[in-house]
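Geometric and topological summary
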Amino acid sequence: MNLPDKVKIVEVGPRDGLQNESRLVPVEIRVELIGRLAASGLKVIEAGSFVSPKWVPQMASSAEVFAALDKRESVSYPMLVPNMRGLESALEAGVKEIAVFAAASESFSQKNINCSIEQSIERYRQVIGEALNQRLRVRGYVSCVLGCPYEGDIDPVAVADVAAGLFELGCYEISLGDTIGTGTPLKTQKMILETAARVPVSCLAAHFHDTYGQALANLLAALQMGVAVIDSSVAGLGGCPYAKGATGNVASEDVIYMLNGMGIETGVNLSQLVEAGRFISDFLQRPNGSRVARAMLS
Ligand code: HMG
Ligand code: MG
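Residues numbered from 1 in each chain as written. Chains lettered and ligands numbered in written order. Predicted model: local features only at pLDDT ≥ 70, side-chain atom pairs only at ≥ 80, totals over all residues. Heavy atoms only, no water.

**Focus: the overall build of the chain**
Within the chain one finds 12 helices and 9 strands. Taking 19 Å as the expected radius of gyration for a compact globule of 298 residues, we find that the chain reaches 17 Å, a close match to that expectation. Projected onto its principal axes, the C-alpha positions of the chain cover 50 × 45 × 35 Å. By the burial criterion, 56% of the 298 residues in the chain qualify as buried. A separation threshold of at least 6 residues defines the contact pool for the chain, and within that pool the share at least 24 residues apart is 76%. Of the roughly 12,300 Å² of accessible surface on the chain, 49% is carried by carbon and sulfur atoms. On the chain, the mean spot of the 26 positive side-chain charges and the mean spot of the 32 negative ones are 3 Å from each other. (Helix = DSSP H or I, 4+ residues; strand = E, 2+ residues; numbered from the N terminus. Rg over C-alpha atoms; globule rule 2.2 N^0.38 Å. Buried < 20%, exposed > 50% of the residue type's maximum accessible area, 1.4 Å probe, protein only. Contact = heavy atoms within 4.5 Å. Areas by Shrake-Rupley, 256 points an atom, 1.4 Å probe, with all protein chains shown as cover. Lys, Arg positive; Asp, Glu negative; His and termini not counted. Charge placed at Lys NZ, Arg CZ, Asp CG, Glu CD.)

Okay, here's the thing in structure tokens:
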């Protein structure tokens, strides 16, 4: 079987996870969580977002979170940015990496960032250009790659178009978001095949929400296609406030357990990660969304 030896994990819990919690999480808890995640060996931890606090109040204070982090040289702490205003905040905060986010669905683009796909690409042309001028690294997201909460099925060609658009603007990696977790393995492979014809597969990441319980199966399908970057969320936290029905990302603990079992290296210590997941689940007073964590803690 054609599988990578190593996989890079992009931990998105402190952003994708906490943006969807009804309870606002104070800065010190967000900082503590990120510190624990870094201690477990994760090398990329999305720390927050510079979006409108009217749209996503949970991510307000992301600048304070970033300032308070005990930053490790070997760890990247990207922040989501939707426009020039967000980039200005990122530069002011001293952020070294940002992520821009577009969608393969027109309706989702409107609901999430209040503009069309084309307008978003135009907006990102300026944002990415300026970010690169300032020597920031820029990652790109494409949402709704395997289905949209408003439009249903999405044509893989539309995914490839948006992914290629962001890649050509200078994103070093394109993360493919199954925002509502409706994808299944063969659909995943068709979408990756189409996208990998436009963006090198080594620059693609899988960002799968687990709403329908398909995420691990879809990740295996993606790994078989040569994808070697996986976004996941500790304790399975997550969702998108503008995607009704979206639950958490695939749990980081479950991904690490699966990859460990397959002999694929991640550099992450599973026990320490499980403890980080326990910490945030206890704080949120909700059941841990990771099956592996529940088994290990029982
Ligand atoms: P808009 O209303 O069209 O923008 O929103 P606007 O320029 O008219 O601004 C509206 C207000 O927001 C103004 O304030 C601005 O100053 C302020 P007011 O004058 O009314 O007091 N504002 C900002 N404040 C702070 N930071 C900013 C900023 N920009 C404007 N950067 C906008 C457009 C893009 C701002 C809005 O739609 C927005 O913030 N959307 C973000 C939604 C979001 O964060 N969604 C979740 C992340 S995406 C996701 O989860 C998917 C992903 O995980 C992948 C997957 O799973 O598929 C990545
Ligand atoms: Mg997401």
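**Digging into the coordination of the magnesium ion (ligand 2)**
Those protein atoms acting as donors to the magnesium ion (ligand 2) are Asp16 (OD), His207 (NE2) and His209 (NE2), and they sit at 2.0 to 2.3 Å. When the donors of the magnesium ion (ligand 2) are listed by position in the chain, the intervening gaps give D-x190-H-x1-H. Here Asp16 is found in helix α1 (residues 13-17), whereas its partner His207 is found in strand β8 (residues 204-208), with 191 residues between them in sequence. Overall, His207 belongs to the buried group, its relative accessible area being 5%. (Donors = N, O, S within 2.8 Å, 3.2 Å for Na, K, Ca; no water.)

**Re the state of the cysteines**
All chains considered together, the criterion is met by 0 disulfides. With no disulfide of its own, Cys144 has Cys148 as its nearest cysteine by sulfur position, at a separation of 4.3 Å. On the basis of relative accessibility, which here comes to 0%, the residue Cys144 falls in the buried class. (Disulfide = S-S within 2.5 Å.)

**A short note on the sheet that holds strand β2 (residues 44-45)**
Pairing is parallel across the open sheet formed by 9 strands, whose spatial order is β2-β1-β9-β8-β7-β6-β5-β4-β3. A single partner strand is all that each edge strand has here, and the edge strands are β2 and β3 (48-49). Bridge count for strand β1 (residues 8-11) against β2 is 2 bridges, and the pairing is parallel. Within the sheet, the bridge partner assigned to Val10 lies in β2 and is Val44. Seen against the sheet, helix α7 (residues 156-169) touches β5 (97-103), β6 (137-143) and β7 (173-178) and runs at an angle of roughly 170° to β6. (Pairing = 2+ DSSP bridges. Axes fitted to C-alpha atoms, helices over the stretch in contact; angles between N-to-C directions.)

**Some points on helix α11 (residues 270-284)**
The periodicity of an α-helix, 3.6 residues per turn, causes residues three or four places apart in sequence to face the same way. Between the first and last C-alpha of α11 there are 21 Å, a value that for 15 residues agrees with the 21 Å anticipated at 1.5 Å per step. Taken residue by residue, α11 has Leu270, Leu273, Val274, Ala276, Gly277, Phe279, Ile280, Ser281, Phe283 and Leu284 as its buried positions. As for α11, its buried residues are in contact with α2 (27-39), α10 (252-261) and α12 (291-297). Here α11 starts with a cap whose side-chain oxygen sits 3.0 Å from the backbone nitrogen of Ser271, and that cap is Asn269. Looking one or two residues beyond α11, the residue adopting positive phi is Gln285, at roughly 55°. (Expected span 1.5 Å × (residues − 1). Polar contact = N/O pair within 3.5 Å; in protein donor to acceptor, adjacent residues only side chain to side chain.)

**Observations concerning the side chain of Thr188**
By the element assignment, Thr188 lies in helix α8 (residues 185-196). The class for Thr188 is buried, based on a relative accessible area of 0%. If we skip the residues at most four places from it in the chain, Thr188 touches Leu146, Phe208, Asn218 and Ala222.

**Topic: the packing of aromatic side chains**
Per the stated rule, a full pass over the model turns up 0 aromatic pairs. Sitting over the face of the ring of Phe283, Arg23 holds its NZ or CZ atom 4.3 Å from the ring centroid. Above the plane of the ring of Tyr141 lies Arg139, whose end atom (NZ or CZ) is 5.5 Å from the centre. (Phe/Tyr/Trp six-rings, centres within 6.5 Å; stacked < 30°, edge-to-face > 60°. Lys NZ or Arg CZ within 6 Å of the ring centre and 35° of its normal.)

**Regarding the site of ligand 1**
What surrounds ligand 1 is a group of 27 residues, the closest being Lys54, Arg85, Asn114, Ser143 and Thr179. Within the contact set of ligand 1, a nitrogen atom lies 3.3 Å away from a backbone nitrogen or oxygen of Val51. For ligand 1, the protein covers 76% of the area, taking 1,100 Å² as the surface of the free molecule. Sorting the residues of the shell around ligand 1 by element identifies α1, α4 (84-93), α5 (106-113) and β6 as the ones contributing at least two each. (Near = heavy atom within 4 Å.)

**Let's talk about the packing of α8 against helix α9 (residues 215-224)**
Axis separation between α8 and α9 bottoms out at 8 Å; the angle between their running directions is 35°. Note on packing geometry: the crossing formed by α8 with α9 is right-handed. Between α8, through Pro185, Thr188, Gln189 and Ile192, and α9, the contact on the second element is made entirely by Ala217, Asn218, Ala221, Ala222 and Gln224. Tallied by class, residues from the contact of α8 with α9 come to 5 nonpolar, 4 polar and no charged. (Left-handed = near helix turned anticlockwise from the far one by under 90°. Nonpolar A, V, L, I, M, F, W, Y, C, P; charged D, E, K, R; others polar.)

**A word on the nonpolar core**
Grouped together as the largest cluster of nonpolar side chains are 99 residues, with contacts concentrated most on Ile98, Tyr124 and Ile280. If one sorts the elements of this core by residue count, α11 sits on top with 8 residues. Setting aside its immediate chain neighbours within four residues, Ile280 contacts Leu18, Ile29, Leu33, Val234, Ala235 and Leu237. (Core = buried A, V, L, I, M, F, W, Y, C linked by side-chain atoms within 4.5 Å.)

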